[in-house]
Amino acid sequence: MKRSTSSTKRASKRQKVSNVTSSTRNHDKEKETLEWPEYYHDALNTVLAFVSSRRHLATTFPMIRSSAEGLLKRPLELSKVAELKALLPDVVEFAYIPHSDLRIHGETVSQQKKRSNSPDFTLHSQPLAIDTLSGSRLPGHEEEEHVLVLEFAENFRTTKPGNLVDKRNQRFKEAVDELMKATPEGEVSIDLLQAAARDHIPVNPSANRALPANDSQNLIIPEPKDRPSIDDILLEVQKQQWYKNQIADRRTFKEKVAIEGLLAEPLSHTIQQALQESRNITSLYYHQAAAINAIAQRKHVIVSTSTASGKSVIYQVPLLKFLEENSSATAIFIYPTKALAQDQRTALEQLLWACPGLQHIKVATYDGDTPQDHRRTIRETASVIFTNFDMLHASILPHEELWRTFIKNLKLVAVDELHYYSNLFGSHVAQIIRRFRRICTAVGNQRVIFVSCSATISKPSQHMKRLFGVEDVEEIVEDGAPSGKKDYLVWDPSVKDMDPGLAKLGQSGPMYEAINLMIFLMMRGVRVILFCKIRRACELAMKALRQRLSAEGRLDVLAKVMPYRGGYSQEDRRRIEHEAFSGHLLGIVATNALELGVDIGVLDAVIMLGFPFGIANFRQQAGRAGRRSRDSLAVLVAEDLPIDRNYVKFPDKLYDQSIDDLTVDIESKVIIEAHLQCAAHEMPLSKDDIFYFGASLGELCDSKLRKDKDGWYHPHPKFLPYPAKHVSIRGADDDKYTIIDVTKVGLPNGVPRIIEEIELSRAIFELYEGGVFMHQGLTFIVKEVSHDTKVARLVRADVNWITKPRDYRNVDAMQTHRIKEIARSPHRAHFGRVDVTTVVFGFRKIRGNKVLDVVDVDTPPYERQVTGFWFDVPKDLLGLMKKKCFNLAEAIHSASHAWMNRFSLSPDLRTECKAAEKEYNKEESQRKRPARLIFYDASRKGSVSAQAFDHSGEVLRQAHDTVETCPCKDGCDKCIHSATCSKGNVVASKIGALLILKALLNLDIDANGVATQFGSQGFETIVEATYIRPLDGVQVEPA
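The model shown is predicted, which means the values in this text are computed figures rather than measured ones. (Residues numbered from 1 in each chain as written. Predicted model: local features only at pLDDT ≥ 70, side-chain atom pairs only at ≥ 80, totals over all residues. Heavy atoms only, no water.)

(A) Local environment of the overall build of the chain. Secondary structure summary: the chain contains 33 helices and 34 strands in total. A burial count over the chain gives 56% of its 1039 residues as buried. A separation threshold of at least 6 residues defines the contact pool for the chain, and within that pool the share at least 24 residues apart is 77%. Surface accessibility of the chain: about 44300 Å² in total, with carbon and sulfur atoms responsible for 49%. (Helix = DSSP H or I, 4+ residues; strand = E, 2+ residues; numbered from the N terminus. Buried < 20%, exposed > 50% of the residue type's maximum accessible area, 1.4 Å probe, protein only. Contact = heavy atoms within 4.5 Å. Areas by Shrake-Rupley, 256 points an atom, 1.4 Å probe, with all protein chains shown as cover.)

(B) Spotlight on the pattern of salt bridges. Enumeration over the complete set of coordinates arrives at 38 salt bridges. Arg 844 is the partner of Glu 917 in a salt bridge, and the nearest nitrogen-oxygen pair spans 3.9 Å. You can see Glu 917 sitting in helix α30 (residues 916-919) and its partner Arg 844 sitting in strand β27 (residues 825-847), a full 73 residues away along the chain. On the basis of relative accessible area, Arg 844 is assigned to the partly exposed category, the value being 24%. As a salt-bridge pair, Glu 964 and Lys 998 come within 2.8 Å of each other at their nearest N and O atoms. In this pair, Glu 964 is assigned in helix α32 (residues 952-965) and Lys 998 in helix α33 (residues 990-1000), connecting sequence segments 34 residues apart. Because the salt bridges share partners, they merge into one network encompassing Asp 231, Arg 250, Lys 485 and Asp 487. (Salt bridge = Lys/Arg side-chain N within 4 Å of Asp/Glu carboxyl O.)

(C) Region of interest: the packing of aromatic side chains. Here the structure, examined in full by the defined rule, presents 30 aromatic pairs. Here the aromatic rings of Tyr 488 and Tyr 655 are separated by 5.5 Å at their centres, their planes lie at 85°, and the arrangement is edge-to-face. A residue pair is termed long-range when its members are at least 10 positions apart, and Tyr 488 in strand β13 (residues 486-491) and Tyr 655 in helix α23 (residues 652-656) qualify at 167 residues. Over the ring of Tyr 366 we find Arg 375; its NZ or CZ atom is 5.4 Å from the centre of that ring. The ring of Trp 801 has Lys 845 lying over it, and the distance from NZ or CZ to the ring centre is 4.5 Å. (Phe/Tyr/Trp six-rings, centres within 6.5 Å; stacked < 30°, edge-to-face > 60°. Lys NZ or Arg CZ within 6 Å of the ring centre and 35° of its normal.)

(D) Spatial organisation of helix α12 (residues 372-381). Of all the residues in α12, the buried ones are Arg 375, Ile 378 and Arg 379. For α12, the buried positions fall inside an angular range of 95° around the axis, keeping them on one side. Across from the buried face of α12, at angles greater than 90 degrees, the exposed residues are Asp 373, Arg 376 and Glu 380. In this structure, the buried residues of α12 make contact with β8 (363-365), β9 (384-387), α13 (389-396) and α14 (404-408). (Arc of directions from axis to C-beta.)

(E) Quick look at the environment of Glu 769. Position of Glu 769 relative to the elements: it lies in the loop between α27 (760-766) and β23 (772-775). Counting along the chain gives 15 residues from Glu 769 to Glu 784, while the straight-line C-alpha distance between them is 5.7 Å.

(F) Here's a closer look at the sheet that holds β8. Taking strand neighbours across the sheet as the criterion, the seven strands line up as β8-β9-β7-β10-β11-β6-β12 in an open arrangement whose pairing is parallel. Single-partner strands in this sheet number two, and they are β8 and β12 (473-476). Strand-to-strand twist in this sheet, taken as the mean axis angle between neighbours without regard to direction, amounts to 15°. Bridge count between strand β6 (residues 300-304) and strand β11 (residues 449-454): four bridges; the pairing is parallel. Looking at the pairing, Val 301 lines up with Val 451 of β11. (Pairing = 2+ DSSP bridges. Axes fitted to C-alpha atoms, helices over the stretch in contact; angles between N-to-C directions.)

(G) Fine view of the packing of helix α15 (residues 423-442) against helix α24 (residues 669-682). The N-to-C vectors of α15 and α24 enclose an angle of 25°; their axes lie 10 Å apart at closest approach. Looking at the two axes, α15 sits roughly parallel to α24. The crossing of α15 and α24 is right-handed. Within the contact between the two elements, α15 uses Leu 424, Ser 427, His 428, Gln 431, Ile 432, Arg 435, Arg 438 and Ile 439 and α24 uses Ile 671, Ile 672, His 675, Cys 678, Ala 679 and Glu 682. Here the contact of α15 with α24 is built from residues that sort into seven nonpolar, four polar and three charged. (Parallel < 35°, antiparallel > 145°, perpendicular 65-115°, else oblique. Left-handed = near helix turned anticlockwise from the far one by under 90°. Nonpolar A, V, L, I, M, F, W, Y, C, P; charged D, E, K, R; others polar.)

(H) Spatial organisation of the nonpolar core. Phe 869, Phe 871, Trp 899, Leu 933 and Ile 996 are the most contacted members of the largest nonpolar core, which totals 51 residues. Broken down by secondary-structure element, the contributors of at least two residues to this core are β27, β29 (862-872), α28 (875-883), α29 (888-901), β32 (932-937), α31 (944-950), α32 and α33. No other element matches α29, which puts eight residues into this core. If sequence neighbours within four positions are ignored, Phe 871 has contacts with Ile 822, Arg 828, Ala 829, Trp 899, Ala 931, Arg 932, Leu 933, Phe 935, Ser 952, Leu 956 and Leu 1000. Counting 44 residues, the second largest nonpolar core, distinct from the first, contains Ile 271, Phe 322, Tyr 335 and Ala 354. (Core = buried A, V, L, I, M, F, W, Y, C linked by side-chain atoms within 4.5 Å.)

(I) The packing of α15 against helix α16 (residues 460-468), seen in detail. Relative orientation of the contacting elements α15 and α16 amounts to 60°, with a least axis distance of 7 Å. One finds that α15 runs oblique with respect to α16. In this structure, α15 uses Gly 426, Val 429, Ala 430, Ile 433, Arg 434 and Arg 437 to contact α16, whose residues at the interface are Lys 465, Arg 466, Leu 467 and Phe 468. Its residues assigned to classes, the contact of α15 with α16 comprises five nonpolar, one polar and four charged.

(J) Region of interest: the side chain of Arg 437. Looking at the element boundaries, Arg 437 is found in helix α15. Comment: no salt bridge for buried Arg 437; closest opposite-charge side chain is Glu 471, at 8.8 Å. One polar contact links the side chain of Arg 437 to the main-chain carbonyl oxygen of Gly 469, over a distance of 3.3 Å. Once residues within four sequence positions are removed from consideration, Arg 437 is found in contact with Phe 450, Phe 468, Gly 469, Val 470, Phe 691 and Tyr 692. (Lys, Arg positive; Asp, Glu negative; His and termini not counted. Polar contact = N/O pair within 3.5 Å; in protein donor to acceptor, adjacent residues only side chain to side chain.)

(K) Looking closely at the environment of Asn 423. Among the secondary structure elements, Asn 423 is positioned in helix α15. Spatially, the C-alpha atoms of Asn 423 and Leu 662 are 7.4 Å apart, while their sequence positions differ by 239 residues. Those residues within four positions of Asn 423 in sequence are excluded, and the remaining contacts are Thr 663, Ser 904, Leu 905, Pro 907 and Asp 908.

(L) Geometry of unusual backbone geometry. Geometrically, the link from Leu 720 to Pro 721 is a cis peptide bond, its omega value of 5° lying close to zero. Tracing the chain through its elements places Pro 721 in the loop between β20 (713-714) and β21 (736-741). Positive phi outside glycine occurs at Lys 790, with the angle close to 55°. Relative accessible area serves as the criterion here: at 23%, Lys 790 is assigned to the partly exposed category. Within the chain, Arg 824 stands out as a residue other than glycine whose phi angle is a positive 60°.

(M) Highlighting the pairing of strand β10 (residues 410-415). Within β10, six of the six residues are buried, which leaves it mostly tucked inside the rest of the structure. Alignment of strand β7 (residues 330-334) against β10, held across five bridges, turns out to be parallel. Counted as the bridge partner of Phe 333 is Ala 414 from β10. Direction of pairing for β10 relative to β11: parallel, over a ladder of four bridges. Bridge pairing links Val 415 to Ser 452 in β11. Between β10 and its parallel partner β11, the chain crosses via α15, and the hand of that crossover is right-handed. (Right-handed = clockwise from strand over helix to strand, strands pointing away.)

(N) Representation of the sheet that holds strand β17 (residues 605-609) within the structure. Spatially, seven strands are ordered β3-β13-β18-β17-β14-β16-β15 in an open sheet, and the strand pairing comes out mixed. Where the open sheet ends on each side, the last strands, each with one partner, are β3 (247-253) and β15 (561-564). Across the sheet, the axes of successive neighbouring strands diverge by a mean angle of 15°, strand direction being ignored. Sheet analysis places β13 next to strand β18 (residues 632-637), joined by six bridges and oriented parallel. Paired with Asp 487 across the bridge in β18 is Leu 633.

(O) Representation of the side chain of Asp 416 within the structure. Its location among the elements puts Asp 416 in the loop between β10 and α15. It is Lys 311 that comes nearest to the buried, bridge-free Asp 416 among opposite-charge side chains, at 6.4 Å. Among residues more than four places away in sequence, those in contact with Asp 416 are Tyr 315, Ile 334, Tyr 335, Pro 336, Leu 340, Tyr 421 and Cys 453.

(P) Inspection of the confidence of the model for the chain at higher detail. In this model, the chain carries an average pLDDT of 82, and 81% of its residues clear a pLDDT of 70 or more. Low confidence marks residues 1-34, where pLDDT is under 50. Its contacts with residues over four positions away, or in another chain, come to 68 contacts. (pLDDT = per-residue confidence, 0-100.)

(Q) View of the environment of Glu 401. By the element assignment, Glu 401 lies in the loop between α13 and α14. For the pair Glu 401 and Ile 439, spaced 38 residues apart in sequence, the C-alpha separation works out to 9.9 Å.

(R) Geometry of the pairing of β6. Counting buried residues along β6, five of its five residues qualify, which places the element largely inside the surrounding structure. The alternating pattern of β6 places His 300, Ile 302 and Ser 304 on one face and Val 301 and Val 303 on the opposite face, and all of these are buried.

(S) Main features of the state of the cysteines. Taken as a whole and assessed by the stated rule, the structure comprises zero disulfides. In this model Cys 981 remains outside any disulfide bridge; the closest cysteine sulfur is found in Cys 913, 3.8 Å from its own. Cys 981 gets classed as buried once you look at its relative accessible area, which sits at 10%. (Disulfide = S-S within 2.5 Å.)

Dropping the structure here:
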């Protein structure tokens, strides 16, 4: 929407003020004098300085105003204070926040454990019964009253108010001087300042939920179809006062026109009609036509093309053809997430409804949320089911006798997002598909066609063949879909860190930059998705958005922003998905749960907070924008981590680097045996089933299963009655904590409410008494945690701080079960029992980048026994490295990652990552760790470490060769850095890693040629590893 003339002039004036540092300066013109008003020098600054030096006092504007007016002897107007905000908008916070955000310390169960010098300032507020826009609000929680605060984001290190006044005066004097120098001829500086200040007068969200009637046109967000072009928006970004050349790299990819394809046999008139009416499709892209032609020839098909290229059409159109030929035909559509299945089901229902003669066809979702009493009806009446491999494994195949009619009529199995299935999960899926194919054959159906779709991957047909166990696969990779122009930005927040005054209020750093950019784009009608790598970052981002948009009075925008991540309840997931699918949202904050192809409407921009877990993830997330051929934007906001810094320095890698091959292990005896137990329960096995399960079947059946007198194999009794329940295909531990909101318990009609469930491995770091837990951007205080019942009780509390656990994890080798030679080396690899102990012993209360308090807690340790393997660093090398002043933790950490980077199933392994706060601590730690490279299964039910151990020496050699030949200077994600490092790869040494790898391989090391290191910090935390006793009878295995 166009802005009015008056608002445009005002915006122009505001722009002149905010761009004072970059405007052309005329030193020869007569400088006007802009005198500072008395309210600043004589009263307001003094009061603020006093309050700021005492962190237990809240800088609410009413309190400051009262004190200032007492000194001034006259009223203090909001418009005058807004002038300060206009001068330095990034340094002054002048906004409304929720009343209870003023809490510095919320109530905790363990107040007696709080340190004596920790102030306790708690303001209680009653919820207001005010109707609000529903989009971003969590059901069951009302909005609260807001109060006006005034704060300065300076980091002047002083406790004396007078010093703070002087330094703050100097800061603002410099801003005034810049304003006067930048004022054009014929303009008056004070007029510009007052005009800009009008846009900085805070809006009270509690006073009026709607925008004021007299608001200027520039507050109205344009419809997405009327939004400015990405080029215009980026030009506007670079004119903003907060822009400090953060764009480190920009690439523009031109639009691509569509390439149409022709069908060998034309579609029926009714199918053509359905495509046109439901999708407005009158012709097919090349890859769509090629896939439909291949399916018509009864070939299995994989299509690997870009995001949003219309891949679902390639299996939906053949389905319609099968149904027109035979109304009894059935199909199974498999998706990796429930959201994606829900999305695609809706699309198919619309297509069927538009197809004359097929309106009666029933489709159904069959997943873990499907009620038990609905499942029989679905089996008996549905022609198409939308499901996932978890259900196929645990529900459909174990009860194949109930599905026989459906399976006999099965024509098509479509597996979407095939790139999702790799590593341990993909290896399990490969065996599930073999079990399924075996059942199909047994009921007399050998005509099933398998179709798969994937984002762009390397060797797609090879991946499908290994996953499905079929050979006749048609690979289609030529993308015929059009695409709009796309801009890629690498955004470097570190250039803004030159201004240390922005840190106190969190107005610097990757999170702040990503949020700031997201709001800027949404205000211009750009639909944005912000991807966060972990769930906690997703919640922190949503919390920051709530605070910013509420403070600016933009609840209309906040109502169109939602978070989406794993763990939410079914009710909340469905609510968010509905809002997303219907196109009501301007912004989504998500983890990679939405990295897959869920149609969440027209997305114009993607912001990635930190480099994702790999190049494939980067391209997949970037592809979520521009799904409708318009110009689009993808922004990587770099974090201050070695991998991110590497891509800031070498951005070409983002576009030129090849994607790693997907890995599926179809020869793992551990995985095969687990699925043989399941397959034998579905239908007794014979040696002929080697066709499905490979050459190890005979050995495994004889040793692991039970053979009857007729020669058939049945499950071992320990797996009965349902073997599938004993096989976790995702390798995850099943234990979960239930999180209950008890805020309203004790009030009239108040009942506890389950808000989500989280895995035990996350609960230990997020659920501790007194800590802040975040859910959909809202904050809760953990009141009680029962580790026996795995239940946590929380109360709703808007607090303007978060908590970060203080923890450590020990990974200890406890018993040796196997020993293996390393080729041409006297050293050995060891395999056996590994104990993993995680302890959370306290937490920090943090606001922005400032620690408010440090609290001790007493929580039971999280202890697990898993299997793993290890290499002990040779004693003579330890002596050399200590002599040369190496930081041993850096070397061991990097060598561990170097090994994992060369092992294909490493995503299902873990190692002991080293934390910078311990390794570089100025005080010596009593917690010493053995000089050992140790690796273990991510899950207690995992089996990858045994396979890794079998190939440990070969991988060690590959790791050495990679590190030695890698051209990088200090390490990259191809040699010693890991995208999944829990400590961010900060503790790292490439040369130290190379020395360890050489020593283990018994390669020559020239001690005189090893340079002395001078960059390491802190005390030594590594000691010589002690020998772990093997079980009796363990023999050394040859390399």
